[in-house]
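Structure assessment
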Amino acid sequence: MDTNARTIPTPAAALAPREPFDRTAFERALLGSQLRRDLRLVGLILAHHADPVGHLPADGPQRVDSLCALARIDGKRIRVILRELELSGFMRRPNLHTWRDRLAARPIHLTIPAVTAAARTEPEHPSEAAR
């Protein structure tokens, strides 16, 4: 075995999260954001299926057909939602134009946007107001 051989990072390795993923913080940022309900729903589904570091492997549950069945939203809309979640900073994916396997869904890394919407000021539930 050649010990001098170098490994070339894969696109998924290049997208590795810079800091540990905190699912609770991700969900709190997602639910406290000004995103539409359908974007928040798909974001929660992705968080549910992500591993402990916020990663969904290539061709995993983020496939359009899987998300269509889970969210009961049509495929065209799912594609738009995934793009909007990416643009809003809640996830990262390899570039579509450099992704080699056109038949496989690109891997996803869930992220918390650097600047999120203002924190929620009202209690999450009326029973929490007494706390």
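What counts, and at which threshold
- Residues numbered from 1 in each chain as written.
- Predicted model: local features only at pLDDT ≥ 70, side-chain atom pairs only at ≥ 80, totals over all residues.
- Heavy atoms only, no water.
- Helix = DSSP H or I, 4+ residues; strand = E, 2+ residues; numbered from the N terminus.
- Buried < 20%, exposed > 50% of the residue type's maximum accessible area, 1.4 Å probe, protein only.
- Contact = heavy atoms within 4.5 Å.
- Polar contact = N/O pair within 3.5 Å; in protein donor to acceptor, adjacent residues only side chain to side chain.
- 1 Å grid on protein atoms, 1.4 Å probe; cavity = no way out; pocket = protein on both sides within 12 Å on 5 of 7 lines; lining within 4 Å.
- Points joined across faces, edges and corners; volume = space filled by probe spheres on them.
- Nonpolar A, V, L, I, M, F, W, Y, C, P; charged D, E, K, R; others polar.
- Phe/Tyr/Trp six-rings, centres within 6.5 Å; stacked < 30°, edge-to-face > 60°.

So, about the environment of L31. Relative to the elements of secondary structure, L31 occurs in helix α2 (residues 23-31). For L31, a relative accessible area of 45% translates into the label partly exposed. Separated by ten residues in sequence, L31 and L41 have C-alpha atoms that sit 9.1 Å apart. Contact partners of L31, with chain neighbours within four places excluded, come to R40 and L44.

Attention shifts here to unusual backbone geometry. Even without being a glycine, D59 presents a positive backbone phi close to 60 degrees. Looking at where D59 falls in the secondary structure, it is placed in the loop between β1 (55-56) and α4 (64-71). With a phi close to 55 degrees, R72 is a non-glycine residue in the positive phi region. Relative to the helices and strands, R72 resides in the loop between α4 and α5 (75-87).

Moving on: the environment of D38. Here D38 is to be found in helix α3 (residues 37-49). Expressed as a C-alpha distance, the spacing of D38 and I78, which sit 40 residues apart in the sequence, is 9.0 Å. Every residue in contact with D38, bar those within four places of it in the chain, is listed here: I73, R77 and I81. Side chain to side chain, D38 and R77 meet in a polar contact 3.2 Å long.

Moving on: the layout of surface pockets. Take a probe with the size of a water molecule and roll it over the atoms, and the empty space left behind shows itself. Of the volumes computed, that of the largest pocket is approximately 470 Å³. Lining the largest pocket are 18 residues, with V64, R79, R93, L96 and R106 sitting closest to its centre. For the lining of the largest pocket, the per-class residue count stands at eight nonpolar, two polar and eight charged.

This next bit is on the packing of aromatic side chains. For the structure on display, the rule yields two aromatic pairs. Measuring from ring centre to ring centre gives 5.7 Å for F21 and F26, while their planes differ by 50 degrees; the resulting arrangement is tilted. Judged by centre distance (5.8 Å) and plane angle (85 degrees), the rings of F26 and F90 are edge-to-face. Placement of the pair is F26 in helix α2 and F90 in the loop between α5 and β2 (91-92), with a sequence separation of 64 residues.

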